[in-house]
Amino acid sequence: PDGPGRVLLRPEQLRLRDGVAATVREVIFHGHDSTVLVEHGGSVLRCRTADGDLPAVGQRVDVEVAGPVLFY
């Protein structure tokens, strides 16, 4: 409980909002939903969304977490 660990999130738990914390690197359409890859703090995060209002590549966004997370 006092040492380092990892936080595990599902891609659909990540919500994108207008902001400045991360940069959209790629948007992949799957028909009924989309995957948005964003770079945040040197890491690439995979966000999965059914939202029709998608950010553009290069757009700056903030990333929010919806729901519980797992810590190991």
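Only a predicted model underlies this, so the values are computations on that prediction, with no experimental measurement involved. (Residues numbered from 1 in each chain as written. Predicted model: local features only at pLDDT ≥ 70, side-chain atom pairs only at ≥ 80, totals over all residues. Heavy atoms only, no water.)

(A) The sheet that holds strand 3 (residues 34-40), seen in detail. Spatial ordering of the open sheet is given by 4-3-2-5, a layout of four strands whose pairing is antiparallel. At either end of the open sheet lies a strand with only one pairing partner, and these are strand 4 (43-49) and strand 5 (60-65). Taking each pair of neighbouring strands and ignoring which way they run, the sheet shows an average axis angle of 55°. Here strand 3 runs beside strand 4; their pairing, made up of seven bridges, is antiparallel. Residue pairing in the sheet places V38 in a bridge with L45 of strand 4. (Pairing = 2+ DSSP bridges. Helix = DSSP H or I, 4+ residues; strand = E, 2+ residues; numbered from the N terminus. Axes fitted to C-alpha atoms, helices over the stretch in contact; angles between N-to-C directions.)

(B) Spotlight on the nonpolar core. By size, the foremost hydrophobic cluster in this structure holds nine residues: L14, L16, A22, V24, V27, V36, V38, C47 and V61. For this core, the elements supplying multiple residues, two or more each, are strand 2 (14-29) and strand 3. Sorting elements by how many residues they give to this core places strand 2 first, with five residues. Discounting residues that sit within four places of it in the chain, V38 has contacts with L16, A22, T23, V24, R25, S43, V44, L45, C47, V61 and V63. (Core = buried A, V, L, I, M, F, W, Y, C linked by side-chain atoms within 4.5 Å. Buried < 20%, exposed > 50% of the residue type's maximum accessible area, 1.4 Å probe, protein only. Contact = heavy atoms within 4.5 Å.)

(C) Molecular detail of the side chain of S34. You can see S34 is positioned in strand 3. The buried category is assigned to S34, whose relative accessible area is 5%. Residues contacting S34, with those up to four places away along its chain left out, are I28, F29, C47, R48, T49 and L54.

(D) Examining the pattern of salt bridges more closely. Evaluation of the coordinates by the stated rule reveals four salt bridges. Note that R10 and E12 form a salt bridge whose closest N and O atoms lie 2.6 Å from each other. With a relative accessible area of 53%, R10 lands in the exposed category. Classification of E12 by relative accessible area gives partly exposed; the value is 36%. Note that E39 and R25 form a salt bridge whose closest N and O atoms lie 2.9 Å from each other. Of this pair, E39 sits in strand 3 while R25 is found in strand 2, placing the two residues 14 residues apart along the sequence. You can call E39 partly exposed: its relative accessible area is 31%. (Salt bridge = Lys/Arg side-chain N within 4 Å of Asp/Glu carboxyl O.)

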